Amino acid sequence: MAQSEQPRVVVIAGGVGGSTFSEGMRAELGRRSADPATIIVNTGDDLWLSGVRLQPDIDSVLYRLAGQNDMVRGWGRAGDSERVNAELQAWGAGWSWFTLGDLDLGTHLARTGWLREGATVSEVVARLSQRWPLGVRLLPMTDAEVDTHVLLEDGRRLHFQEWWTRHRATLAPRAFENPGMDAATPAPGVVESIARADVVVLAPSNPVVSIGPVLAVPGIREALSATSARIVGVSPIIGGRVVRGMADVCLTAIGVETSAAAVAAHYGSRSSGGVLDAWLLAEEDAASAASVAALGIRPVVAPLWMRDVEATRAIAATALEA
Ligand code: FO1
């Protein structure tokens, strides 16, 4: 680390797990009066709906760090109303099972307008980041459109949001695909921030549909392999179970067991072509530490429940010290 008190930190993050962890990292770095962290956010679950571009994971992190998110639902704006959504439903527009809140629609309209005027996705994210003091630098993983599709066992192909939100991940998936990924490039600043980081943290987000698309952007794995930063992952699995969401279904679909050690093996050690130097395991999974070490990844056992900002700050501090 260049300056032990002021590490340069990059967090790779998805939706709820990523935004919660980012809030803890911001609190920890605030204590050290360090450079703000750079949060590289998954854009694989973005979509066009009713003429507007939605970026659920970007908005989750943005709203959470701005103190504007709906903590009960886990998505959208606190205190939102649904008048426009009711009109869209009356017109038969959009998806009847997907709610666009009025305040949230303001974000989507602003974003879509700027995109239509020719701004790149990263320029739009930079503009969205100016409204509230976020205390971090938000970057999309790429400026390219690479939505996630789910190929089902029965041969159907659904947009990730339809599979996740409408069917609650109950339809058996065979594979996840990101059309356009081969031609995507990392957004400006992504490779540079990884190269100059002291620590890169993989947030406890869904390894398949949140972290997976970020690692799949051509150039990002190469940047992780080349950086002198330590790369530390935080397990999204505690006591052999997903903390939130439906990551277990996604892991099963790609042949990975729902366990902290199996997810560490899925990411792999940097020494064997993977991405991890160290892996934060929950105390409930301490028995897996030896098998993580056998992968060439340093296991660090710690409390991993992100109960509140203070507990999450402590997890971020452990990740920085791992
Ligand atoms: N999740 C839901 O379960 N139901 C919704 O109606 C819904 C609407 C929605 C609108 C905008 C947005 O940015 C996110 C929204 N989400 C909704 C969350 C989202 O579908 C997923 O939880 C994430 O994409 C997974 O990371």
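Criteria and thresholds
- Residues numbered from 1 in each chain as written.
- Predicted model: local features only at pLDDT ≥ 70, side-chain atom pairs only at ≥ 80, totals over all residues.
- Heavy atoms only, no water.
- Phe/Tyr/Trp six-rings, centres within 6.5 Å; stacked < 30°, edge-to-face > 60°.
- Buried < 20%, exposed > 50% of the residue type's maximum accessible area, 1.4 Å probe, protein only.
- Near = heavy atom within 4 Å.
- Polar contact = N/O pair within 3.5 Å; in protein donor to acceptor, adjacent residues only side chain to side chain.
- Helix = DSSP H or I, 4+ residues; strand = E, 2+ residues; numbered from the N terminus.
- Pairing = 2+ DSSP bridges.
- Axes fitted to C-alpha atoms, helices over the stretch in contact; angles between N-to-C directions.

Where an unreviewed UniProt entry is consulted, the chain appears under the name 2-phospho-L-lactate transferase, with the organism given as Microbacterium binotii.

Q: Would you take a moment to explain the packing of aromatic side chains for this structure?
A: Each aromatic ring pair is characterised by the separation of its centres together with the angle its planes make. This structure, assessed with the given rule, holds eight aromatic pairs. Summarising the aromatic geometry, the rings of Trp95 and Phe98 are spaced 5.8 Å apart at their centres and angled 90° between planes, so their arrangement reads as edge-to-face. When its relative accessible area of 12% is taken as the criterion, Phe98 is described as buried. On the basis of an interplanar angle of 75° and a centroid distance of 5.4 Å, the ring pair of Trp163 and Phe176 is categorised as edge-to-face.

Q: Looking at this structure, I do not really get the site of the ligand. What am I missing?
A: Residues in close proximity to the ligand include Asp45, Pro56, Asp57, Trp75, Trp97, Phe98, Thr99, Asp104, Gln161, Trp164, Thr165 and Arg168, which together make up its full environment. Between the ligand and Asp57, the relevant distance is 3.0 Å, taken from an oxygen atom to a side-chain nitrogen or oxygen of the residue. A distance of 2.8 Å separates an oxygen atom of the ligand from a polar backbone atom of Thr99. Listing elements by their share of the shell around the ligand, those giving two or more residues are α2 (56-66) and α6 (160-166).

Q: I tried to follow the sheet that holds strand β7 (residues 157-159) on my own but got confused; where do I start?
A: Strand pairs in the sheet, formed through backbone hydrogen bonds, run parallel or antiparallel to each other. The three strands lie next to each other as β7-β6-β8, forming an open sheet whose pairing is antiparallel. What marks the edges here is a single partner per strand, and that holds for β7 and β8 (173-177). Strand-to-strand twist across the sheet, computed as the mean angle between neighbouring axes with direction ignored, equals 25°. Pairing geometry for strand β6 (residues 149-152) and β8, over four bridges, is antiparallel.

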